[in-house]
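Okay, here's what each chain looks like letter by letter:
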Amino acid sequence: MAAAAALEAAAPPSALWGLVHDFVTGQQEGPADQVAADVKSGSYTVLQVVEALGSSLENPEHRARARGIQLLSQVLLQCHPLLLEKEVVQLILFYENRLKDHHLVIPAVLQGLKALSLCVALPPGLAVSVLKAIFQEVHVQSLPQMDRHTVYSIITNFMRTREEGPFVEELFEVTSCYFPIDFTPPPNDPHGIQREDLILSLRAVLASTPQFAEFLLPLLIEKVDSELLSAKLDSLQTLDACCAVYGQKELKAFLPSLWASVRREVFQTASERVEAEGLAALHSLTACLSRSVLRADAEDLLDSFLSSILQDCRHHLCEPDMKLVWPSAKLLQAAAGASARACDHVTSNVLPLLLEQFHKHSQSNQRRTILDMILGFLKLQQKWGHEDKDQRPLGSFKDQLCSLVFMALTDPSTQLQLAGIRTLTVLGAQPDLLSSGDLELAVGHLYRLSFLEEDSQSCRVAALEASGALATLYPVAFSNHLVPRLAEELHAGGSDLTGRNGPAKASRHLRCLQALSAVSTHPSLVKETLPLLLQHLWEVHKGNMVEGSSEVIAVCQSLQQVAEKCQQHPESCRYFHQTAIPCLLALAVQASMPEKEPSVLRKVLLEDEVLAAMVSVFGTATTHLSPEVAAQSVAHIVPLFLDGNVSFLPENSFPSRFQPFQDGSSGQRRLVALLMAFVCSLPRDVEIPQLDQLMRELLELSRCHGCPFSSTAAAKCFAGLLNKHPAGQQLDEFLQLAVDTVEAGLDSGPCRSQAFTLLLWVTKALVLRYHPLSSRLTAQLMGLLSDPELGQAAADGFSLLMSDCTDVLTRAGHAEVRIMFRQRFFTDNVPALVQGFHAAPQDVKPNYLKALSHVLNRLPKPVLLPELPTLLSLLLEALSCPDGVVQLSTLGCLQPLLLEAPQVMSLHVDTLVTKFLALASSPSMAVRIAALQCMHALTRLPTPVLLPHRPQVIRALAKPLDDRKRLVRKEAVSARGEWFLLGSPGS
Amino acid sequence: MVGGGGGGVGGGLLENANPLIYERSGERPVTAGEEDEQVPDSIDAREIFDLIRSINDPEHPLTLEELNVVEQVRVQVSDPESTVAVAFTPTIPHCSMATLIGLSIKVKLLRSLPQRFKMDVHITPGTHASEHAGKLNKQLADKERVAAALENTHLLEVVNQCLSARS
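Residues numbered from 1 in each chain as written. Chains lettered and ligands numbered in written order. Predicted model: local features only at pLDDT ≥ 70, side-chain atom pairs only at ≥ 80, totals over all residues. Heavy atoms only, no water.

**Some points on helix α36 (residues 708–724) of chain A**
Between its first and last C-alpha, α36 of chain A extends 24 Å over 17 residues, near the 24 Å set by a 1.5 Å rise per residue. When you tally the buried positions in α36 of chain A, you get 14 out of 17 residues, the bulk of the element. (Helix = DSSP H or I, 4+ residues; strand = E, 2+ residues; numbered from the N terminus. Expected span 1.5 Å × (residues − 1). Buried < 20%, exposed > 50% of the residue type's maximum accessible area, 1.4 Å probe, protein only.)

What follows is the structure in structure tokens.
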């Protein structure tokens, strides 16, 4: 044992002798760890271990020798950081020598080399020596899996830090033999290794170095052609990964074959994944070629590569039958998307061709295909910013592109028009491309398209979107050529909508309003459109125009959309708020004034729907205000309502005082809805003046009977303010006031319904912010479920508690809404509801079911699923409840449960089939649809459970096939189709 | 055929390996009338077309609509008279898949339409080798032959695959 003998002898302690003996001859495993621990603690050195092993390492018996080496290897695996360089050299010499030994010994030898490959003290050159020895002495590919893994680890350990140059091919051979990975994890695999893990690790090795290129690329080219989909995908993805580290040098010799493979796959495949991976690989190849730095005299491979792509694809673009146009265009676009240079090269070649093809084809759908392709190339241009205007490749095609787009915009085909609109938007986004003349024409087309009729809805919507997008870039063009025409249209069209062409004119008028809001995307345009809209509203109000509430609502909707577009620009936001809000308030206050001769028209502004539309304008115009503007505004608006201070309104000479909270008219009281929309949308840190008085007035108004609109608005406003008010003494006072008001109201006769509404909204405000009082109020609400008068309203109230409001208590309006409030409400209250249901007399049970339905319906399904076992019997009972809301909500709960918990549900299959089929002939269309969706979802249950019901269900479902409503028939068709497939071959 | 979704017959070569692909129409937009409980909606050509357009082709991973085998203009329906006629156009004149396609359409209609309807499924005149077309139209019209065809497990399997919702 030459190596061991050369080591300086040191007498091993006797304990070590014993341990070595127990391991080698005693075949015990424990001593190895003991020895390693002793070495680590310094009790003895590695040298002494070798010394102690002495005779076993030279034992003529293979197994004993293997055992001896195994002990040494196990110690090294744990103690390699302690080794000195000198020791490493000696040990490597020893192990390399042992590679020649009997095959039984080899596993232990490889383990030792693996330990040594981890040594920091490994001198340069030894890694090469180790690998040389391994590949020379051992046929790695035929080793058992464990040992192949050891060799693999040795290689990866060396690869991390060391040279691999001389062994590229061997390293490639031993790693690439696994490619492509074909592995299915065994059932109950404790390691949890997935096929994808192996694919990714192997890909990381194969694509780790450009030195593998000459071996790997031919392999990939071969495997792309594989019959196996997974092999194809893996090869294309690996090629993609390689391109990240390769350069021109590595790719050069293989480019023609690589291109041929990718082209073949994209042209021929039926699989979208293969196509996508093929395109991704082509993209990476082109990017790689674009990135390489060239020597002055070298050939630019990118040019020749792109030329061959163009050569193979361009003629497909020109085939009259257009069969391979899309794959060809996708290939060209994948290449063009890789770099600015590639994009210019491809685009400058392809665009003239496509422009020519557009004119050669005469059918709209063919033209649309070509325009869609052009659009793809234009979009790629946007990826690359061109510094120099003259270098922009689109410049020379601009006129042709514009005339083609305008041709598309006037085509009768909707699809071609849509493609034209999209292309126009992309052309407009290219800086400095379109001339003012082009823009004038474009705006003219957009104007025309904004007035398209009902059947071209999609085109009209697209034109409005395009107008909005282009108006941010070219406000002047829109201000000059669009806004004046819309203003004229608004004025002329609004004058007589009741005449002979009334409906057509009315719809034209509506479109005009929509177009005005659509272009309000630039601050300068808002300053033109907002006055137009407000002016129009004044004229309606002054009675210059004979119009109903729908006209005012339409204007308000437009205003709301403008307000939404202003939210992004602080200046526009301020402008909108300070212009529109006083104007709308002035109009509303004017309308609420008592009159000697009541005019129907002027009261339009006070109608529920009109006020609701104004409420949404107020909210949208307030949520994004800066604190300063908000403070100014609140200092005007609160005194207006509390003190009748009208001085800030633009036209403020009114015949009498504005006193909505005192003994004002019912019209004045209704305007509290506008106050609500404003104060409940303010940012939380804006201080509200006269808050205490305001809250008391709101409570007072909430008790007002005879006008549910006003009392509800007051209750909502109170609740909205309560929700945002910081905890503390003042909040407690407000709460006490509210509780007293509710209790007093519920006790006495005439105001019970108002008191209930207040209770509901206050409860909601507190539930949202997790206020401790919310549980007491919820309990009170639950108690009302048995109330003969308020029971049904209380049940419906649970829907309000669980749903999102649009006007108050919204996150957008800065309300305090805790994310998990629904889950929390569920956990806190469902047990009580279930208990209440069981305890309740028969006639009020439906109220409990309804309340419960509302809670369950709004709950995220993942939260609901674990609760299923306890609730299921109740839900099944709810299916027999005659109330439509309960039925609908219960079906809505059961449907996802059928999909997600089929095992649990299959226990109740008999009941479910019977009940669903009964509900499938409900008088309510929504219930019929939901019941049929449940019948469809039932097919997810285990087939054996369903088969006994199959004939009966198929017979029963024949009836809804002839339902008078199409939406019901559709569900019946899909449910029945699935039931037919159950247990039938081929399904 | 590599990577195709279900629906392949055999595994041999495709008769028409590189068909022209047509765009799918979108979902039918729901109108206000359709959402109104009171208004009855009659069964119209688009509704029938929606039943059959998503049937899978037996040999391509594509629908009959994408292959232009069925088109809305080739659907005739009369709800009051309870009649429906569907003409389909196989991708190539001698397509041996025509029988299967016709059978799939017929079965889909049988499963999806009220029993009162009389159904006629036939090859678009002039688009198929004539002697074959005549025979095929007769087979599809014969109730007992259709029923007998569905007794054949293999045929039923292929038809069911054509009618399965593609995942």
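Structure shown, so let's carry the discussion forward.
**Concerning a negative patch on the surface**
There is a patch of like negative charges on the surface, built from E169, E170, E173 and E214 of chain A. No other element matches helix α10 (residues 168–176) of chain A, which puts three residues into the negative patch. (Patch = residues over 30% accessible without salt bridge, like charges linked within 9 Å, V, L, I, M, F, W, Y side chains within 5 Å. Areas by Shrake-Rupley, 256 points an atom, 1.4 Å probe, with all protein chains shown as cover. Salt bridge = Lys/Arg side-chain N within 4 Å of Asp/Glu carboxyl O. Lys, Arg positive; Asp, Glu negative; His and termini not counted. Charge placed at Lys NZ, Arg CZ, Asp CG, Glu CD.)

**Remarks on the interface of chain B and chain A**
For interface size, the figure often reported is the accessible area lost on association. Listed per partner, the contact involves 37 residues of chain B and 30 residues of chain A. Together chain B and chain A conceal approximately 2800 Å² of surface at their shared face, both sides included; 50% is due to carbon and sulfur atoms. In this structure, the connection of chain B to chain A is made through seven salt bridges. When the shortest N-O distance is used, the salt bridge between D44 of chain B and R966 of chain A registers 3.4 Å. Our count for the contact surface shared by chain B and chain A stands at 21 residue pairs in polar contact (both at pLDDT 80 or more). It is helix α6 (residues 153–163) of chain B that contributes the most residues to the side of chain B that touches chain A, six residues altogether. (Contact = heavy atoms within 4.5 Å. Buried area = accessible area lost by both parts, 1.4 Å probe. Polar contact = N/O pair within 3.5 Å; in protein donor to acceptor, adjacent residues only side chain to side chain.)

**Looking at the sheet that holds strand β3 (residues 118–123) of chain B**
All names here are of chain B. Strand order across the open sheet formed by three strands is β1-β2-β3, with mixed pairing between neighbours. Both outer strands of the open sheet, β1 (75–78) and β3, are each paired with one neighbouring strand and no more. Neighbour to neighbour, the strand axes of the sheet diverge by 5° on average, direction disregarded. The pairing of strand β2 (residues 83–88) with β3 spans six bridges and is parallel. Directly across from V86, in β3, lies its bridge partner V121. (Pairing = 2+ DSSP bridges. Axes fitted to C-alpha atoms, helices over the stretch in contact; angles between N-to-C directions.)

**Some details on the environment of A926 of chain A**
Residue position: A926 of chain A is located in helix α48 (residues 925–938). Residue A926 of chain A is classed as partly exposed on the basis of its relative accessible area, which comes to 34%. Spatially, the C-alpha atom of A926 of chain A lies 9.0 Å from that of G884 of chain A, the residues being 42 residues apart in sequence. Excluding anything up to four places from it in sequence, A926 of chain A contacts L888 of chain A together with E37 of chain B.

**Some details on the domain arrangement of chain A**
Parsing chain A into structural domains produces domain 1 (520–677) and domain 2 (879–981). Distance between the C-alpha centres of domain 1 of chain A and domain 2 of chain A: 49 Å. (Domains from an automatic or database assignment.)

**What about the pattern of salt bridges?**
What the rule picks out here adds up to 47 salt bridges over all chains. In this structure, E29 of chain A engages R67 of chain A in a salt bridge whose closest nitrogen and oxygen atoms are separated by 2.9 Å. Within this pair, whereas E29 of chain A is found in the loop between α2 (14–24) and α3 (30–41), its partner R67 of chain A is found in helix α5 (residues 62–79), the two being separated by 38 residues in sequence. A relative accessible area of 46% means that E29 of chain A is categorised as partly exposed. Bridged by salt links that share partners, the residues R966 and R969 of chain A together with R28, E34, D44 and E47 of chain B form one connected network.

**Some remarks on the packing of aromatic side chains**
Residue and element names in this part refer to chain A. Within the structure shown, the criterion is met by six aromatic pairs over all chains. Taken together through their ring pairs, the aromatic side chains of F172, F212 and F215 make up a single cluster. The ring of Y575 carries K527 above its face, with NZ or CZ at 5.3 Å from the centroid. (Phe/Tyr/Trp six-rings, centres within 6.5 Å; stacked < 30°, edge-to-face > 60°. Lys NZ or Arg CZ within 6 Å of the ring centre and 35° of its normal.)

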